[in-house]
Amino acid sequence: MKTLVLVEFDQQQAKRASLACISAAGQLSEHIDLLCINAQHNDVKKVSQLDHISAVYHYPHDILTQEIDQLVDAIEQQYDYILAAATSTGKQVIPRIAIRRDVSPLSEVISIRDTETFQRAIYAGNALITVRSLDPIKVMTIRSTCFNLPSEGNNNATITTLTALPASVQARLLQKETSHSERPALSSANIVISGGRGFKDADQFHALLSPLATQLNAAIGASRAAVDAGYMSNDFQIGQTGQVVAPKIYFAIGISGAIQHLAGMLDSQVIIAINKDANANIHRFADYSLIGNLSLIIPELTEKLS
């Protein structure tokens, strides 16, 4: 059994979601190859040292998402499994890879029962389904919050650099902009503070949450409603159509608790809800609830933490 894992990089290191995906691959086979895109050689070298990594294919250039499946085709290997984390990139790439191989993709896999049987989340995480795939090649996205990170290894896998692909006749990459922040990344932060439409505007959102996040060394996220209102960019959206996080502590402030948002944060170890509506759905899932005006509670909480 041979497995290929797509590894994404962020700020010169492999994303936590991709590392968790490597752990999932370890449950399927002991022969794991990695496809690393737009990364420095030294950063690729680090992931090549993980246990069970047989080979690493390195494409050092940036690339359009719709061209990644061409890179997979360029690797002259036959794989039984092709995996990617359930990130925005993985959700776009995996269906393209699957259709080129005439197989059905499996999305949001949260548990691997055996080499053919998988458990995945459906209905925004409100239900779980166990499926058995008889396709010759299993192509799937992995929900990274459900798998541990791989332990550091002392491996020395070979690294092969892939040559540039021919320019696409339909689209080409002109410029890529990334959001930079001094705060921890949402995907790896121990504490996440997320705000919703309970804030009256973007100014209040940042004026109240930024000092609290600074005190706790926390990442700041937002619900879909807050993103649509312009409080934060969609890079920081948490939920079914955004990022899935599982921090040690999750603050849901001014968030009603729609199922689409719950799908992105229910794996958090401790959930703290702050909402003036005592009947808000978020209180049903919170470990601790503060019912009151967030404009009064947050400054007081920030002051007591200082």
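For the structure itself, look to the data block above.
Residues numbered from 1 in each chain as written. Predicted model: local features only at pLDDT ≥ 70, side-chain atom pairs only at ≥ 80, totals over all residues. Heavy atoms only, no water.

Asks: Hey, could you run me through the packing of helix H5 (residues 202-216) against helix H8 (residues 294-305) in this one?
Replies: At a closest axis distance of 9 Å, the pairing of H5 and H8 adopts a crossing angle of 25°. Our classification of the angle between H5 and H8 gives roughly parallel. Seen from above, H5 lies across H8 with left-handed handedness. On the side of H5, the interface is formed by Gln204, Leu208, Leu209, Pro211, Leu212, Gln215 and Leu216, while H8 contributes Leu294, Ser295, Ile298, Pro299, Leu301, Thr302 and Leu305. Class assignment for the residues of the contact of H5 with H8 results in 10 nonpolar, 4 polar and no charged. (Axes fitted to C-alpha atoms, helices over the stretch in contact; angles between N-to-C directions. Helix = DSSP H or I, 4+ residues; strand = E, 2+ residues; numbered from the N terminus. Parallel < 35°, antiparallel > 145°, perpendicular 65-115°, else oblique. Left-handed = near helix turned anticlockwise from the far one by under 90°. Contact = heavy atoms within 4.5 Å. Nonpolar A, V, L, I, M, F, W, Y, C, P; charged D, E, K, R; others polar.)

Asks: Whenever I open this one, the sheet that holds strand S16 (residues 288-290) confuses me. Can you help?
Replies: Through backbone hydrogen bonds, the strands of a sheet pair up, either in parallel or in antiparallel fashion. Across the sheet, which stays open at both edges, the 5 strands sit in the order S13-S12-S14-S15-S16 with parallel pairing between neighbours. At either end of the open sheet lies a strand with only one pairing partner, and these are strand S13 (219-222) and S16. Going from strand to strand, the sheet's axes swing by 20° on average, the running direction of each strand aside. Along the sheet face, H5 touches strand S12 (191-195), S13 and strand S14 (249-253) and points at about 175° away from the line of S12. Taken strand by strand, H8 contacts S14, strand S15 (270-274) and S16, and its axis lies near 145° from that of S14. (Pairing = 2+ DSSP bridges.)

Asks: Looking at this structure, I do not really get the sheet that holds strand S4 (residues 31-37). What am I missing?
Replies: Read across the sheet, 9 strands follow the order S9-S8-S7-S10-S6-S1-S4-S5-S11 without closing on themselves; strand pairing throughout is mixed. Both edges of this open sheet fall to strand S9 (127-132) and strand S11 (158-161), since each of them pairs with a single strand only. Neighbour-to-neighbour, the strand axes of this sheet turn through a mean angle of 35°, independent of strand direction. The pairing of strand S7 (residues 106-112) with strand S8 (residues 117-122) spans 3 bridges and is classified as antiparallel. Paired with Val109 across the two strands is Arg120, which belongs to S8. Seen against the sheet, helix H2 (residues 41-48) touches S4, strand S5 (53-59) and S11 and runs at an angle of roughly 160° to S5.

Asks: Can you help me understand the pattern of salt bridges in this one?
Replies: Pairs may arise between side chains of opposite charge once their charged atoms sit close together. All told, the structure shown has 9 salt bridges when counted by the stated rule. For Asp73, the salt bridge goes to Arg100, with nearest N and O atoms at 2.4 Å. Residue Asp73 is located in helix H3 (residues 68-74), and its partner Arg100 is located in helix H4 (residues 88-100); the two are separated by 27 residues in the primary sequence. Using a relative accessible area of 35% as the deciding quantity, one classes Asp73 as partly exposed. With relative accessibility at 48%, the residue Arg100 sits in the partly exposed group. The partner of Arg224 in a salt bridge is Asp228, with the nearest N and O atoms 3.2 Å apart. Placement of both Arg224 and Asp228 in helix H6 (residues 224-228) is noted, with a separation of 4 residues, approximately one turn of the helix. What makes Arg224 partly exposed here is its relative accessible area of 44%. Residues joined by salt bridges that share partners form a network here, namely Asp69, Asp73, Arg96, Arg100 and Arg101. (Salt bridge = Lys/Arg side-chain N within 4 Å of Asp/Glu carboxyl O. Buried < 20%, exposed > 50% of the residue type's maximum accessible area, 1.4 Å probe, protein only.)

Asks: Help me out: how do you make sense of H2 in this one?
Replies: Structurally, the α-helix is built with 3.6 residues per turn, so residues lying three or four positions apart point the same way. The complete set of buried residues in H2 reads Asp43, Val44, Val47 and Ser48. The arc that holds the buried residues of H2, viewed along the axis, is 145°, so those residues lie on one side. The exposed set on the far side of H2, more than 90 degrees from its buried face, consists of Asn42 and Lys46. Of the surrounding secondary structure, the elements contacted by the buried residues of H2 are strand S2 (9-10), strand S3 (13-14), helix H1 (16-26), S4, S5 and S11. (Arc of directions from axis to C-beta.)

Asks: I would appreciate a short explanation of the nonpolar core in the present structure.
Replies: General note: in soluble globular proteins, nonpolar side chains tend to be found buried as a group. Among the nonpolar cores identified, the biggest contains 30 residues, and Val5, Leu34, Leu83 and Phe118 are the most heavily contacted of them. Those elements giving two or more residues to this core turn out to be strand S1 (2-7), H1, S4, H2, S5, strand S6 (81-85), S7 and strand S10 (138-142). When residues in this core are grouped by element, the largest group, 5 residues, is from H1. Filtering out sequence-adjacent residues up to four positions away, Phe118 remains in contact with Leu28, Tyr81, Leu106, Val109, Ser111, Ile112, Ile129, Thr130, Val131, Ser133, Lys138 and Met140. (Core = buried A, V, L, I, M, F, W, Y, C linked by side-chain atoms within 4.5 Å.)

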